[in-house]
Amino acid sequence: MRITAEKTEAPGQEGLYAPGIDHYSSPQRRDAVKKLWEEPVTFAILQAALEQVPRSGNLSVMDIGCGAGEGLHLLKALRATRSLPDLPRLSYRGLDLDEGLLRLAARTHHDEDDAEFWHGDIRTDIPEEPFDIYLSCGVPYSHLTADELQSTLSRLFRQVKQNKAQSVVVIDVLGRYSLEWVPNWGLTRWPYRMNFFHSEQQADTVPMTFWDAHTLSSCVRTASAAAGCPVKRQRLFDRSIMVGRHTATGQFNPGLPPYRLLVNRLENGMAVAADELRMPQVPDDAPDSIRMFYAGFRRQWNDVLDVMAQRASNLPPAVAALMLARGLRAVEHKLASGLGTGHSLTAVITLDGRG
Ligand SMILES: C[S@@+](CC[C@H](N)C(=O)[O-])C[C@H]1O[C@@H](n2cnc3c(N)ncnc32)[C@H](O)[C@@H]1O
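Fair warning: this is a prediction, and the values are worked out from it, not measured in the lab.

Q: Describe the overall build of the protein, naming the residues involved and giving the relevant values.
A: Summing up its helical and strand segments, the protein has eleven helices and ten strands in all. Considering the protein as a whole, with its 355 residues, one finds that 43% of them fall into the buried category. Summarising the internal contacts of the protein: among those between residues at least 6 apart in sequence, 80% fall at separations of at least 24.

The following block contains the structure:
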């Protein structure tokens, strides 16, 4: 069912994303960390997807689990901020289960004739017509169990094959080895609460699946084999290694410093003591690749703190804070390796269904 701006009068909203209605329309959501630490990674992901699409005619995008239409907003922001003159005209379709968010999306984008919002389930309602990019953002695929993701991707990849298309699939999920939930690293699906919503309403808990590079790549490989649709290229991205929203709630790893709050203070030119920002060691029983990644990351993060602590005495506090923020941000962006060590892990998959 298509949701249009005319059908948006229904008041109130129930269910999982009811508090999300306030959150997604709140200007507070776009804090300094989102703008300076997260959006550059999101834009790099979009760029990676766009690079794989032949540049001719319209760019058709299907936003899977579109919620309030964040994918459309990001594509337009990319066009505006990066001034990409060669970004073709966009034709966008969002698909989501949540009617309240879809109504918000339709209201927000009602004057754009290239945007449509559809109510449907990503597990079953993949449209038959081809799209250049099957986008996702805000970890919608983590709602699915591992088996459901596998069968959803198989169905999607089969559709690309049937369409004899070259399409890019962006798979955005929660990172299994984020510092935000170290005590849960042994689990792949557990009850998650989005209590970082900017809303008066309490968010419910919901089972979510957490992924790392190995498990996500293997799920993609199996889906590709089942669909007979080869993967031409795969790239993986970690977003928010130190500053995920749950560092501020302390909900799943209460011992962790509230890095998102602290870094937001720095990014706003407010001083924060280096000791508050120091990075802890991760448990010895973490997988080798994850332990090695965090060992190198921790060394560089803590080095920046030490170097900046020496320089800070000669600088106005606001300047020292901003320089420290910039140094830490550079470590995060430089070392992120797509292992599943961020709040979210994103795979950009190029499929070649033409053969
Ligand atoms: C955290 S929100 C992200 C929304 C949006 N993409 C964004 O970045 O703001 C996750 C979305 O996935 C949607 N979702 C979860 N399971 C779904 C399913 N089986 N089919 C369609 N949408 C689903 C939810 O309704 C929700 O809107």
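Q: Explain the site of the ligand to me, using residue names and the numbers behind them.
A: Around the ligand, the surrounding shell holds 19 residues, and the nearest of these are Gly65, Gly67, Glu70, Gly138 and Pro140. Here the residues of the shell around the ligand sort into nine nonpolar, five polar and five charged.

Q: Please set out helix α2 (residues 32-51) residue by residue, giving values where relevant.
A: Given a rise of 1.5 Å per residue, 20 residues ought to cover 28 Å, and the 28 Å separating the end C-alpha atoms of α2 matches this to within 8%. Helix geometry: α2 is bent most strongly at Glu38, by close to 45 degrees, with proline Pro40 lying one to four residues after it. Every buried residue belonging to α2 is among Val33, Trp37, Glu38, Val41, Thr42, Ile45, Leu46, Ala49 and Leu50, and all of these are buried.

Q: Could you give an account of the pairing of strand β6 (residues 166-175), with specific residues and numbers?
A: When a strand is regular, its side chains alternate between the sheet's two faces. Counting buried positions over the ten residues of β6 gives nine, a clear majority of the element. With two bridges connecting them, strand β5 (residues 133-135) and β6 associate as parallel partners. Note that in β6 the partner of Tyr134 across the bridge is Val169. As for the winding sense of the linkage, the β-α-β connection from β5 through helix α5 (residues 146-162) to β6 is right-handed. Relative to strand β10 (residues 344-352), β6 runs antiparallel, the two being bridged by nine bridges. Note that in β10 the partner of Val169 across the bridge is Ile349. As judged from the two bridges shared by β6 and strand β8 (residues 205-211), these two strands associate in the parallel manner. Pairing of Leu174 across the sheet is with Phe210, part of β8.

Q: Could you give an account of unusual backbone geometry, naming the residues involved and the relevant values?
A: In this model, Val139 sits at a positive phi of 50 degrees, which is unusual for a non-glycine residue. Positionally, Val139 belongs in the loop between β5 and α5. On the basis of neighbour count, Val139 is assigned to the buried category, with 24 C-beta atoms found within 10 Å. The backbone phi angle of Lys164 is positive, close to 50 degrees, even though this residue is not glycine.

Q: Could you give me a rundown of the packing of α2 against helix α8 (residues 259-267), with the residues and numbers involved?
A: Axis separation between α2 and α8 bottoms out at 9 Å; the angle between their running directions is 95 degrees. Considering their axes alone, α2 and α8 lie roughly perpendicular with respect to each other. Facing Ala32, Val33 and Leu36 of α2, the residues of α8 in contact are Arg260, Val263, Asn264 and Glu267. Classifying every residue of the contact of α2 with α8 by side-chain character gives four nonpolar, one polar and two charged.

Q: So what's going on with the packing of α5 against helix α6 (residues 213-227)? Which residues, and what values?
A: Packed helix pairs are characterised by how far apart their axes lie and by the angle those axes make with each other. At a minimum axis distance of 8 Å, the contact between α5 and α6 shows a crossing angle of 45 degrees. Our classification of the angle between α5 and α6 gives oblique. Of the two elements, α5 crosses α6, and the hand of that crossing is right-handed. When α5 is examined against α6, the residues Ala146, Leu149, Gln150, Leu153, Ser154, Phe157, Arg158 and Lys161 are found in contact with a partner set consisting of Cys219, Val220, Thr222, Ala223, Ser224, Ala226 and Ala227. Of the residues assigned to the contact of α5 with α6, the class counts are nine nonpolar, four polar and two charged.

Cut-off values and rules
Residues numbered from 1 in each chain as written. Predicted model: local features only at pLDDT ≥ 70, side-chain atom pairs only at ≥ 80, totals over all residues. Helix = DSSP H or I, 4+ residues; strand = E, 2+ residues; numbered from the N terminus. Buried ≥ 20, exposed ≤ 12 C-beta atoms within 10 Å, placed from the backbone. Contact = placed C-beta atoms within 7 Å. Near = placed C-beta within 6 Å. Nonpolar A, V, L, I, M, F, W, Y, C, P; charged D, E, K, R; others polar. Expected span 1.5 Å × (residues − 1). Bend = angle between axes of the 7 residues up to and from the residue. Pairing = 2+ DSSP bridges. Right-handed = clockwise from strand over helix to strand, strands pointing away. Axes fitted to C-alpha atoms, helices over the stretch in contact; angles between N-to-C directions. Parallel < 35°, antiparallel > 145°, perpendicular 65-115°, else oblique. Left-handed = near helix turned anticlockwise from the far one by under 90°.

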